[in-house]
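Below are the chains, spelled out letter by letter.
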Amino acid sequence: MTAPRKPIAVLVSGSGTNLQALLDWSHDPTSAFRVAVVVSDRPKVGALGRASAAGVPAVVVDWRDQPNREAFTKAVCDVVDEHGASALVLAGFMRVLAPEAMARFPAAVINIHPSLLPSFPGADAVGDALAHGVKVTGVTVHFAEEQVDHGPIIAQEAVPVLEDDTRATLQARIQHVEHRVYPQVVQAFAADRLAIEGRSVVWETA
Ligand code: GRF
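Residues numbered from 1 in each chain as written. Predicted model: local features only at pLDDT ≥ 70, side-chain atom pairs only at ≥ 80, totals over all residues. Heavy atoms only, no water.

Q: Hey, could you run me through the side chain of Asp165 in this one?
A: For Asp165, the location among the structural elements is in the loop between strand S7 (153–160) and helix H6 (167–190). A relative accessible area of 11% means that Asp165 is categorised as buried. In terms of polar contacts, Asp165 uses its side chain to reach the backbone amide nitrogen of Leu162, at 2.9 Å. One polar contact links Asp165 to Arg173, side chain to side chain, over a distance of 2.5 Å. (Helix = DSSP H or I, 4+ residues; strand = E, 2+ residues; numbered from the N terminus. Buried < 20%, exposed > 50% of the residue type's maximum accessible area, 1.4 Å probe, protein only. Polar contact = N/O pair within 3.5 Å; in protein donor to acceptor, adjacent residues only side chain to side chain.)

Below, the structure written as structure tokens:
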């Protein structure tokens, strides 16, 4: 008998290419997860169309309608609960969640960031890496903590910065890696193969 697939919520703010990679993986019979709901902090973004096309419920919790970060976080977590999801997978989600999210979904909030953390945290990691002149940047997937871009690192992969790179070309090369790495991480998480030991994440063998 195959184990039931872990229901996850994917939180988005934009075009949703990482969401698409997760949806594509989830349609494979070997997937350990399914996308139970997509939550966006703003209306009319590309990710919402991707959810609809995949037949996945999509809910907008417009952050502008909420009085503060705490109320916004509670509303998001309530939607996730209502759809039976047990994990929050942040995929280009541009809002900072209040501690309630990590308290309600302990060790089950995951984020992807387009740099090799702890280098270049924040909203413009690709631009900051280019401006700094680094030769290598990359992708980090980590468990989220209250402190932004700080939690235990699950996976990292380096991406070279080329001499003629623009923001767009570097971002495209980073996203290509993201779309391969993120579903692999969520698969391992959903199969209970990730153990947090202090600041380290240990991958248990499949
Ligand atoms: C990704 O590069 C992610 O690392 C960053 O925002 C981007 C989202 O892209 N946080 P998309 O919405 O998945 O296309």
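Next comes the rest of the account.
Q: In this structure, what is going on with the nonpolar core? I would like to understand it.
A: If you look at soluble globular proteins, the nonpolar side chains tend to sit buried side by side. Grouped together as the largest cluster of nonpolar side chains are 66 residues, with contacts concentrated most on Val10, Leu11, Leu88 and Tyr182. It is H6 that contributes the most residues to this core, 10 residues altogether. Once residues within four sequence positions are removed from consideration, Leu11 is found in contact with Val39, Val76, Leu88, Val89, Leu90, Ala91, Phe93 and Leu97. (Core = buried A, V, L, I, M, F, W, Y, C linked by side-chain atoms within 4.5 Å. Contact = heavy atoms within 4.5 Å.)

Q: Is there a simple way to explain the pairing of strand S9 (residues 200–203) in this structure?
A: For a regular strand, side-chain orientation follows a simple rule: the groups alternate between the two sheet faces. Note: strand S8 (residues 194–197) against S9, four bridges, orientation antiparallel. Note that in S9 the partner of Ala195 across the bridge is Val202. The antiparallel hairpin formed by S8 and S9 contains two residues in its connecting segment, where Gly198 sits at a positive phi of about 65°. (Pairing = 2+ DSSP bridges.)

Q: Looking at this model, I keep getting lost on the site of the ligand. Mind explaining?
A: Taken together, Ser15, Gly16, Thr17, Asn18, Gly92, Ile112, Pro114, Gln175 and Glu178 make up all the residues around the ligand. With respect to the ligand, the side chain of Glu178 contributes an N or O atom lying 2.4 Å from an oxygen atom. Protein chains bury 87% of the 360 Å² of accessible surface belonging to the ligand in isolation. Residue assignment for the shell around the ligand shows that the elements contributing at least two residues are helix H1 (17–26) and H6. In the shell around the ligand, the residues fall into two nonpolar, six polar and one charged. (Near = heavy atom within 4 Å. Areas by Shrake-Rupley, 256 points an atom, 1.4 Å probe, with all protein chains shown as cover. Nonpolar A, V, L, I, M, F, W, Y, C, P; charged D, E, K, R; others polar.)

Q: Help me out: how do you make sense of H6 in this one?
A: Turn by turn, an α-helix covers 3.6 residues, leaving residues three or four places apart pointing in a common direction. With 24 residues, H6 should cover 34 Å at 1.5 Å per step; its first-to-last C-alpha distance of 33 Å lies within 8% of that length. A maximum bend of about 25° is found in H6 at Glu178. Directly beyond the C-terminal end of H6, a positive phi value near 60° is found at Asp192. (Expected span 1.5 Å × (residues − 1). Bend = angle between axes of the 7 residues up to and from the residue.)

Q: How should the packing of H1 against helix H2 (residues 46–53) be read in this particular structure?
A: Between two packed helices, what matters for the description is the angle formed by their axes and the separation of those axes. Between H1 and H2, whose axes approach to 9 Å, the crossing angle comes to 15°. The angle between H1 and H2 falls in the class roughly parallel. The hand of the H1/H2 crossing is right-handed. Across the interface between the two elements, Thr17, Leu19, Gln20 and Leu23 from H1 touch Ala47, Arg50 and Ala51 from H2. Tallied by class, residues from the contact of H1 with H2 come to four nonpolar, two polar and one charged. (Axes fitted to C-alpha atoms, helices over the stretch in contact; angles between N-to-C directions. Parallel < 35°, antiparallel > 145°, perpendicular 65-115°, else oblique. Left-handed = near helix turned anticlockwise from the far one by under 90°.)

Q: What's the story with the pattern of salt bridges in this structure? I'm lost.
A: Under the counting rule described, the total for this entry stands at 10 salt bridges. Put simply, Arg42 and Asp41 hold a salt bridge, and the shortest N to O gap is 3.0 Å. Residue classification places Arg42 among the partly exposed residues on the basis of a relative accessible area of 26%. Two residues, Arg104 and Glu100, come together in a salt bridge whose shortest N-O distance is 2.7 Å. Of this pair, Arg104 and Glu100 both sit in helix H4 (residues 99–104), four residues apart, which is roughly one turn of that helix. Assessed through its relative accessible area of 28%, Glu100 is described here as partly exposed. Residues joined in a network through salt bridges with shared partners are Lys74, Asp78, Asp81, Glu100 and Arg104. (Salt bridge = Lys/Arg side-chain N within 4 Å of Asp/Glu carboxyl O.)

Q: I'm lost on the packing of aromatic side chains in this one. Help?
A: Enumeration over the complete set of coordinates arrives at two aromatic pairs. When the centroid spacing of 6.3 Å and the interplanar angle of 10° are considered together, the rings of Phe72 and Phe93 count as stacked. One end of the pair, Phe72, is in helix H3 (residues 69–82); the other, Phe93, is in the loop between strand S4 (87–90) and H4, with 21 residues separating them in the sequence. For the pair Phe72 and Phe93, a shared accessibility class is recorded, and that class is buried. Over the face of the ring belonging to Phe189 we find Lys6, whose NZ or CZ atom lies 5.3 Å from the ring centre. (Phe/Tyr/Trp six-rings, centres within 6.5 Å; stacked < 30°, edge-to-face > 60°. Lys NZ or Arg CZ within 6 Å of the ring centre and 35° of its normal.)

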